[in-house]
Amino acid sequence: MKKNSTSNAAQPTKKGPARSRKTNSKTTTKLTVGIDLGDKQSAYCILDAEGDVLSEGTIRTTEGGFEQQFQSMKACRIALETGTHSPWVSRLLQSYGHDVIVANARQLRIIYESDRKNDKVDARTLARLARIDKDLLHPIRHRGEKAQADLTMLRARDALVQVRTKLINCARGLVKSVGSRLPSASGDYFARKAREHLPEAIRDALTPLLDQIEQISTQLREYDKRIEQMAKKDYSLTQLMRQIPGVGVITSMAFTLTIDDPHRFNKSRDIAGYLGLLPRQSDSGDSKPQLRITKAGDHMVRRLLVGCAHYILGHFGPDSDLRRWGLSLMVRGGKNAKKRAVVAVARKLAVLMHKLWVTGEVYEPLRDANQIKGAA
């Protein structure tokens, strides 16, 4: 590793794992750093106030690697992309006193569509964008450490639900292949009902699979208990959202932990764009085509909200302003009317949940209808 003998701000006090580092003779206290995070190795590039490369190289993507390189540096601006490692890396670098910008990777076409894409070039591009104008990086803010840890429990549960669904579908398909069918049943009771209807020819083959489904169902019930306890203890405000029929503890907790700070949005309507429930736009002149939603943001929360919307518009959904509005969209015709109505209700539901969270109001299912009736 070649040391930078002319800039104390750019060199670590200890020998670090950085390699292939190039330096020049520029010195300054105003530094801009770009880091391209990798799973094992991360590339970095340090620019001086004039925009010249002061130092670049690679470090291990570990706490020790970042500590050796950046803890002793004077406060500077550091840019990195969103990714698996960006939450803990951004918190670590902020603890060293640096101004950390977490760039929205979806918006950086200059990087992911580059014809010369590699870690070194990406780090240099991040540094140059951060030096010119940090808004070019479309910065995002990661949730807090506690919220991320609690959200992990919901993501682990969600992964088990998906595994169980795949196993149930597999069992049904295998039974159909021998000319039989398994009865309808919820995930919690599927294994119990399916055992009574297994064909003898494949009973020995499918019994272990049903045992696994039953074991996953037991683990999911344990997750549900722990999440319920967590909601009562640390996130009592989720009760405000659960006033809405169809919104349970899983949806309200996922929504709360993903947003983390409700006051980060100036208006409740901004939450729809954050969760990817707004349509894309590609307007040009008189052309204003109807496009699909962006699907930006957290896919688990978006999927849960859509599931709640299906319940609200379904046969068992209680009467409410939201249901009436959604049903009015469905009757406008078109083969995709129902799909558009479900997404629209999910979007409005997200706005309503955020509003209840911020204001603490009591939910009135037929508030608009009663106002109209009273005015009449």
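Anything mentioned here points back to the structure above.
The structure presented is a predicted model; accordingly, all values stated were derived computationally and were not measured.

A. How the structure looks around the overall build of the protein chain. Along its length, the protein chain carries 14 helices and seven strands. Rg of the C-alpha trace for the protein chain: 26 Å, well past the compact-globule value of 21 Å for 376 residues, more than 25% over. With the C-alpha coordinates aligned to their principal axes, the bounding extent of the protein chain is approximately 75 × 70 × 45 Å. Sorting the 376 residues of the protein chain into buried and exposed places 41% on the buried side. Taking contacts inside the protein chain between residues at least 6 apart in sequence as the whole, the part at least 24 apart equals 56%. Counting every atom, the protein chain has about 21,200 Å² of accessible surface; 49% of that belongs to carbon and sulfur. The centroid of the 64 positive side-chain charges in the protein chain is displaced by 2 Å from the centroid of its 40 negative side-chain charges.

B. Structural context of the nonpolar core. Counting 46 residues, the largest nonpolar core has Leu154, Met253, Phe255, Leu275, Leu305 and Leu349 as its most contacted members. Elements with a minimum of two residues in this core: α5 (145-176), α7 (203-234), α8 (238-241), α9 (249-259), α11 (299-313), α12 (321-330) and α13 (337-359). Considering each element in turn, this core owes the most residues, eleven residues, to α13. With near-sequence residues (within four places) excluded, leucine 154 lies in contact with Ile227, Met230, Ile250, Met253, Ala254, Leu257 and Met300.

C. Molecular detail of a positive patch on the surface. There is a patch of like positive charges on the surface, built from Arg106, Arg280, Arg292, Lys295, Lys335 and Lys339. Mapped onto the secondary structure, arginine 292 falls in the loop between α10 (270-274) and α11. Residue classification places arginine 292 among the exposed positions, given a relative accessible area of 73%.

D. Region of the structure containing the pattern of salt bridges. On inspection of all chains with the given rule, the structure shows 17 salt bridges. Glutamate 56 is the partner of lysine 120 in a salt bridge, and the nearest nitrogen-oxygen pair spans 3.6 Å. Of this pair, lysine 120 sits in helix α4 (residues 119-132) while glutamate 56 sits in strand β4 (residues 53-60), and the two are 64 residues apart along the sequence. Residue glutamate 214 pairs with arginine 195 through a salt bridge whose shortest N-O separation is 2.9 Å. Of the two residues, glutamate 214 sits in helix α7 while arginine 195 sits in helix α6 (residues 190-195), which places them 19 residues apart along the sequence. According to the relative accessible area criterion, glutamate 214 is partly exposed, its value standing at 33%. Connected through salt bridges with shared partners, the residues Glu56, Lys120 and Arg124 form a single ionic network.

E. Seen up close, empty space enclosed by the protein. Per the stated rule, a full pass over the model turns up one cavity of 30 Å³ or more. Ile244, Pro245, Ile312, Pro318, Ser320, Leu322 and Tyr363 are the residues that line the largest cavity. Its residues placed into classes, the lining of the largest cavity shows six nonpolar, one polar and no charged.

F. Region of interest: helix α1 (residues 63-70). The complete set of buried residues in α1 reads Gly65, Phe66, Gln69 and Phe70. Buried residues of α1, viewed axially, fall in a sector of 95 degrees; they line one side.

G. View of the side chain of arginine 157. Residue position: arginine 157 is located in helix α5. The exposure class of arginine 157 is buried, given its relative accessible area of 18%. Ignoring sequence-local partners within four residues, the contact set of arginine 157 consists of Leu220, Tyr223, Asp224, Ile227 and Ile250.

H. Representation of the packing of aromatic side chains. Enumeration according to the criterion identifies five aromatic pairs in this entry. Relative to phenylalanine 70, the ring of tyrosine 44 lies with its centre 6.1 Å away and its plane at 80 degrees, an arrangement referred to as edge-to-face. Note that tyrosine 44 is positioned in strand β3 (residues 41-47) and phenylalanine 70 in helix α1, a separation of 26 residues in sequence. When sorted by exposure, tyrosine 44 lands in the same class as phenylalanine 70, which is buried. Relative to tyrosine 274, the ring of phenylalanine 265 has its centre 5.2 Å away and its plane inclined at 70 degrees; by these criteria the two rings are edge-to-face. Three or more aromatic residues link up through ring pairs in this structure, and these residues are Tyr44, Phe66, Phe70 and Trp88. Of note, lysine 348 hangs over the ring of tryptophan 325, and the distance from its end group to the ring centre comes to 4.2 Å.

So, how was this worked out
- Residues numbered from 1 in each chain as written.
- Predicted model: local features only at pLDDT ≥ 70, side-chain atom pairs only at ≥ 80, totals over all residues.
- Heavy atoms only, no water.
- Helix = DSSP H or I, 4+ residues; strand = E, 2+ residues; numbered from the N terminus.
- Rg over C-alpha atoms; globule rule 2.2 N^0.38 Å.
- Buried < 20%, exposed > 50% of the residue type's maximum accessible area, 1.4 Å probe, protein only.
- Contact = heavy atoms within 4.5 Å.
- Areas by Shrake-Rupley, 256 points an atom, 1.4 Å probe, with all protein chains shown as cover.
- Lys, Arg positive; Asp, Glu negative; His and termini not counted.
- Charge placed at Lys NZ, Arg CZ, Asp CG, Glu CD.
- Core = buried A, V, L, I, M, F, W, Y, C linked by side-chain atoms within 4.5 Å.
- Patch = residues over 30% accessible without salt bridge, like charges linked within 9 Å, V, L, I, M, F, W, Y side chains within 5 Å.
- Salt bridge = Lys/Arg side-chain N within 4 Å of Asp/Glu carboxyl O.
- 1 Å grid on protein atoms, 1.4 Å probe; cavity = no way out; pocket = protein on both sides within 12 Å on 5 of 7 lines; lining within 4 Å.
- Points joined across faces, edges and corners; volume = space filled by probe spheres on them.
- Nonpolar A, V, L, I, M, F, W, Y, C, P; charged D, E, K, R; others polar.
- Arc of directions from axis to C-beta.
- Phe/Tyr/Trp six-rings, centres within 6.5 Å; stacked < 30°, edge-to-face > 60°.
- Lys NZ or Arg CZ within 6 Å of the ring centre and 35° of its normal.

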